[in-house]
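An overview of the molecular structure
This is what each chain is made of:
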Amino acid sequence: GSAKIGEGRPHVRVLRSARNRGAGTARRIGTEAANGRIVVWSDADMSYPNDRIPELVQELGNGSRLINIQAGPNAPVPKDELPRFLPEFLGGVLSRARAEGSDYALVHTHYWLSGWVGRSAREIWGVPLVASFHTLGKVKNYSLARGERPEPPFRLSGEERVIADADRLVAATPVEAAQLVGLYRAEPDRIRIVPPGVDHALFFPRDRGGAKARLH
């Protein structure tokens, strides 16, 4: 396994746990034990090109920071229970910004849960809110498989409030933009379409057998 690969290598320290406590706990313990200024997590199956990590670090280092905000228990939480931890998360964001004297010019949220936090931060800080969505609840409910549980009303109403209040909405495709207008009554003038980028040096048609061999 990964531990055997790391043992005996210079600059590598293997941390073990008496039992499997999950990937999230492993990442938290590893990050807290790390000595470096930058921590990068990578899958052991090498599905991502580790040789390009320096490029990633350089890009993110240009004015970007990743800040950890503690909210809720250090344990798995059912998806439907996540909204009750949003006020605690919002409080953590506001406290951190206040302690650092940070003056943010814009709030960008992705998904309706972060949108709930972003709406409040927008009002408190007096800055614009830009919102995008990983998925949309109403779209999912229109294409449910047999026996699949629909997205709950509190998610749909949460999305509606974020979409109504955002100063700008970002859609990945014209279809998503049409869904925002047709299903959520979003104002078309507030929508901008930004297609996801693809690195064609990494993702391109190749021999399927060779691709499988690289993964195994």
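Just so it is clear, the model here is predicted, and its values are computed rather than measured. (Residues numbered from 1 in each chain as written. Predicted model: local features only at pLDDT ≥ 70, side-chain atom pairs only at ≥ 80, totals over all residues. Heavy atoms only, no water.)

**Quick notes on the packing of helix H5 (residues 112-125) against helix H7 (residues 153-165)**
Two measures define how a pair of helices packs: the angle their axes make with one another and the distance between the axes. Direction vectors running N to C along H5 and H7 enclose 45°, while the axes themselves pass 9 Å from each other. Here H5 is positioned oblique relative to H7, judged by the angle of their axes. Crossing of H5 against H7: the hand is left-handed. Contacts between H5 and H7 involve Trp112, Gly115, Trp116, Arg119 and Arg122 from the former and Phe154, Arg155, Gly158, Glu159, Arg161, Val162 and Asp165 from the latter. Its residues assigned to classes, the contact of H5 with H7 shows 4 nonpolar, 2 polar and 6 charged. (Axes fitted to C-alpha atoms, helices over the stretch in contact; angles between N-to-C directions. Helix = DSSP H or I, 4+ residues; strand = E, 2+ residues; numbered from the N terminus. Parallel < 35°, antiparallel > 145°, perpendicular 65-115°, else oblique. Left-handed = near helix turned anticlockwise from the far one by under 90°. Contact = heavy atoms within 4.5 Å. Nonpolar A, V, L, I, M, F, W, Y, C, P; charged D, E, K, R; others polar.)

**Quick notes on the nonpolar core**
Core analysis: the largest hydrophobic core is formed by 25 residues, its most contacted members being Ala131, Phe133, Ile163, Leu169, Leu180, Ala186 and Ile191. Of the residues forming this core, the biggest block, 4 residues, is contributed by H5. Ignoring anything within four residues of it in the chain, the contact list for isoleucine 191 reads Leu169, Ala171, Ala177, Leu180, Val181 and Ala186. (Core = buried A, V, L, I, M, F, W, Y, C linked by side-chain atoms within 4.5 Å. Buried < 20%, exposed > 50% of the residue type's maximum accessible area, 1.4 Å probe, protein only.)

**Thoughts on the environment of arginine 84**
Here arginine 84 is to be found in the loop between helix H3 (53-60) and helix H4 (86-100). Residue arginine 84 is classed as exposed on the basis of its relative accessible area of 58%. Residues arginine 84 and alanine 71 lie 13 residues apart in sequence; the distance between their C-alpha atoms is 9.9 Å.

**Looking at the pairing of strand S3 (residues 168-171)**
Of the two faces of S3, only the one carrying Leu169 and Ala171 is buried; Arg168 and Val170 on the other face are not. Pairing of strand S2 (residues 129-132) with S3, which is carried by 3 bridges, proceeds in the parallel orientation. Pairing of valine 130 across the sheet is with arginine 168, part of S3. Both S3 and strand S4 (residues 191-193) contribute to a ladder of 3 bridges, which runs parallel. Residue pairing for S4: leucine 169 is matched across the bridge by isoleucine 191. (Pairing = 2+ DSSP bridges.)

**With respect to H5**
Along its 14 residues, H5 runs 19 Å from first to last C-alpha, staying within 8% of the 20 Å computed at 1.5 Å per residue. Of the positions making up H5, those classed as buried are Trp112, Leu113, Gly115, Val117, Gly118, Arg119, Ser120 and Ala121. A positive backbone phi angle near 65° is found at glycine 126, which sits one or two residues after H5. (Expected span 1.5 Å × (residues − 1).)

What is shown is where atoms sit, not what they do.
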